[in-house]
Amino acid sequence: MNIARYLDHAVLKPNMTPEEVKAAIQLGIDYKVRTVCVRGCDIDLALEMCSGTETDVSCVLDFPYGYSGAAVKRAASREYSEKGVFEIDMVMNYGYAIGGCWDKVEDEIRGVVEEAHKKNVGVKVIFETSQLNVDQIKKGVEVCIAAGADFVKTSTGFNGTGATVEAVQAMLDAAKGRIKVKPSGGIRDFKTAKMYVDMGADRLGTGYGSCKPICDGEGASAEAY
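Residues numbered from 1 in each chain as written. Predicted model: local features only at pLDDT ≥ 70, side-chain atom pairs only at ≥ 80, totals over all residues. Heavy atoms only, no water.

Visitor: Sorry, what's going on with the nonpolar core here?
Guide: Nonpolar side chains in soluble globular proteins tend to end up buried together. If you look at the biggest cluster of nonpolar residues, it comprises 64 residues, and the most contacted ones within it are Ile25, Val38, Ile88, Ile109, Val125, Phe127 and Leu204. With residues near it in sequence (within four places) discarded, Phe127 still touches Met92, Tyr94, Leu132, Ile137, Gly140, Val141, Cys144, Val152, Lys153, Thr154 and Met171. (Core = buried A, V, L, I, M, F, W, Y, C linked by side-chain atoms within 4.5 Å. Buried < 20%, exposed > 50% of the residue type's maximum accessible area, 1.4 Å probe, protein only. Contact = heavy atoms within 4.5 Å.)

In structure tokens form, the structure reads like this:
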């Protein structure tokens, strides 16, 4: 298994300096991860660095809380897609989800998807599964399918626990092959990464500090994300 090709290599810590971001992106390129997942402010740098490599650029949108509203989400999707990112990882308004406001959740996702798909950009929807119960996770998957999203994703890695077997299995059970599943958060070693792939995950969200131990199959990252 070439585990690197499953990895979205997250470069998302809010206090990272430009030089730290550059070094983290280069690490992902060197390991030939599937994408480097960056903050909106780092998209241009990532696109420049990844040009001509085997690594594409993904970015987060409305990260990490998902509460900016439908119009802002749509506008950001349009801007990032026009820049040329490969995929967008947007955060669901999980407060709406907890409150049962699923029409609003679907509307926000659809707006992001419509703008992204105009440019053939994929969309992943981050649930923050630590804040949801199993029924809410399964309902969220159905909403994402209805809105046309490409992936459902467990977590930001910045609020509560990251991916869990229970949450990932709930996503897979609800997806039934109709949408791809991305566990994210807390995946710090090869054994855990392989477990989720074996369960049926199509992509894995991992912090840049976990790239080397996962890809080399040696130990586990001490990073919190």
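From this point on, the discussion continues.
Visitor: Which parts of the structure should I look at to understand the packing of aromatic side chains?
Guide: Two aromatic rings are characterised by how far apart their centres lie and by the angle between their planes. What the rule picks out here adds up to two aromatic pairs. Lying over the aromatic face of Phe151, Lys124 brings its terminal NZ or CZ to 5.5 Å of the ring centre. (Phe/Tyr/Trp six-rings, centres within 6.5 Å; stacked < 30°, edge-to-face > 60°. Lys NZ or Arg CZ within 6 Å of the ring centre and 35° of its normal.)

Visitor: Any chance you could explain the packing of helix H6 (residues 134-147) against helix H7 (residues 165-175) here in plain terms?
Guide: The packing of two helices is summarised by the inter-axis angle and the distance between the axes. With their axes 9 Å apart at the nearest point, H6 and H7 run at an angle of 45 degrees to one another. As summarised for this structure, H6 and H7 are arranged oblique, according to the angle between their axes. Two packed elements cross with a definite hand, and for H6 against H7 that hand is right-handed. Contacts between H6 and H7 pair Val134, Ile137, Lys138, Val141, Glu142 and Ile145 from the former with Glu166, Ala167, Ala170, Met171, Asp173, Ala174 and Ala175 from the latter. Residue composition of the contact of H6 with H7, grouped by class: nine nonpolar, no polar and four charged. (Axes fitted to C-alpha atoms, helices over the stretch in contact; angles between N-to-C directions. Helix = DSSP H or I, 4+ residues; strand = E, 2+ residues; numbered from the N terminus. Parallel < 35°, antiparallel > 145°, perpendicular 65-115°, else oblique. Left-handed = near helix turned anticlockwise from the far one by under 90°. Nonpolar A, V, L, I, M, F, W, Y, C, P; charged D, E, K, R; others polar.)

Visitor: Where do I start with the pairing of strand S8 (residues 204-207) in this structure?
Guide: Along any regular strand, the residues point their side chains to alternate faces of the sheet. Along S8, one buried face is formed by Leu204 and Thr206 and the opposite face, lined by Gly205 and Gly207, is buried too. With four bridges connecting them, strand S1 (residues 7-11) and S8 associate as parallel partners. Counterpart to Leu7 in the pairing with S8 is Leu204. (Pairing = 2+ DSSP bridges.)

Visitor: Would you mind showing me how to read the environment of Gly122 here?
Guide: Within the secondary structure, Gly122 sits in strand S5 (residues 122-126). A residue is classified by how much of its surface remains accessible, and Gly122, at 15% relative accessible area, is buried. Along the chain, Gly122 and Thr156 lie 34 residues apart, while their C-alpha atoms are 17 Å from each other. Each residue touching Gly122, except ones within four places of it in the same chain, is listed here: Phe86, Glu87, Ile88 and Asp150.

Visitor: Would you take a moment to explain the pattern of salt bridges for this structure?
Guide: Where charged atoms from two side chains of opposite charge approach closely, those side chains can pair. If you walk through the whole model with that rule in mind, you get 22 salt bridges. A salt bridge links Lys194 to Asp198; the shortest N-O distance between them is 2.7 Å. Residue Lys194 and its partner Asp198 are both found in helix H8 (residues 190-199); the two are separated by four residues, about one turn of the helix. Among the residues examined, Lys194 registers a relative accessible area of 31% and is labelled partly exposed. In the salt-bridge network here, residues are joined through shared partners; they are Asp8, Glu87, Asp89, Lys124, Lys153, Lys182 and Arg203. (Salt bridge = Lys/Arg side-chain N within 4 Å of Asp/Glu carboxyl O.)

Visitor: Help me out: how do you make sense of the packing of helix H5 (residues 102-118) against H6 in this one?
Guide: Where H5 contacts H6, the axes come no closer than 9 Å and their chain directions differ by 40 degrees. On the basis of their axis angle, the class for H5 and H6 is oblique. Regarding H5 and H6, the two cross each other, and that crossing is right-handed. Facing Trp102, Val105, Glu106, Ile109, Arg110 and Val113 of H5, the residues of H6 in contact are Gln136, Lys139, Gly140, Val143, Cys144, Ala146 and Ala147.

Visitor: Before we go on, may I ask you to explain H5 in this structure?
Guide: For the α-helix, the turn length of 3.6 residues means that residues three or four positions removed from each other point alike. Here H5 spans 24 Å end to end across 17 residues, near enough to the 24 Å set by a 1.5 Å rise per residue. All of the buried residues along H5 are Trp102, Val105, Glu106, Glu108, Ile109, Gly111, Val112, Val113, Glu115 and Ala116. A positive phi of about 60 degrees marks Asn120, the residue just after H5. (Expected span 1.5 Å × (residues − 1).)

Visitor: I'm lost on the side chain of Asp62 in this one. Help?
Guide: Take Asp62: it is sitting in the loop between strand S3 (56-61) and helix H3 (70-83). Using a relative accessible area of 18% as the deciding quantity, one classes Asp62 as buried. Among the polar contacts listed, one links the side chain of Asp62 to the backbone nitrogen of Tyr67, at a separation of 3.3 Å. Within the local environment of Asp62, its side chain forms a polar contact with the side chain of Ser68, the two groups lying 2.9 Å apart. When neighbours within four sequence positions are excluded, Asp62 is seen to be in contact with Tyr67, Ser68, Gly69, Lys73 and Val91. (Polar contact = N/O pair within 3.5 Å; in protein donor to acceptor, adjacent residues only side chain to side chain.)

Interpretation in functional terms is not warranted from these geometric data alone.
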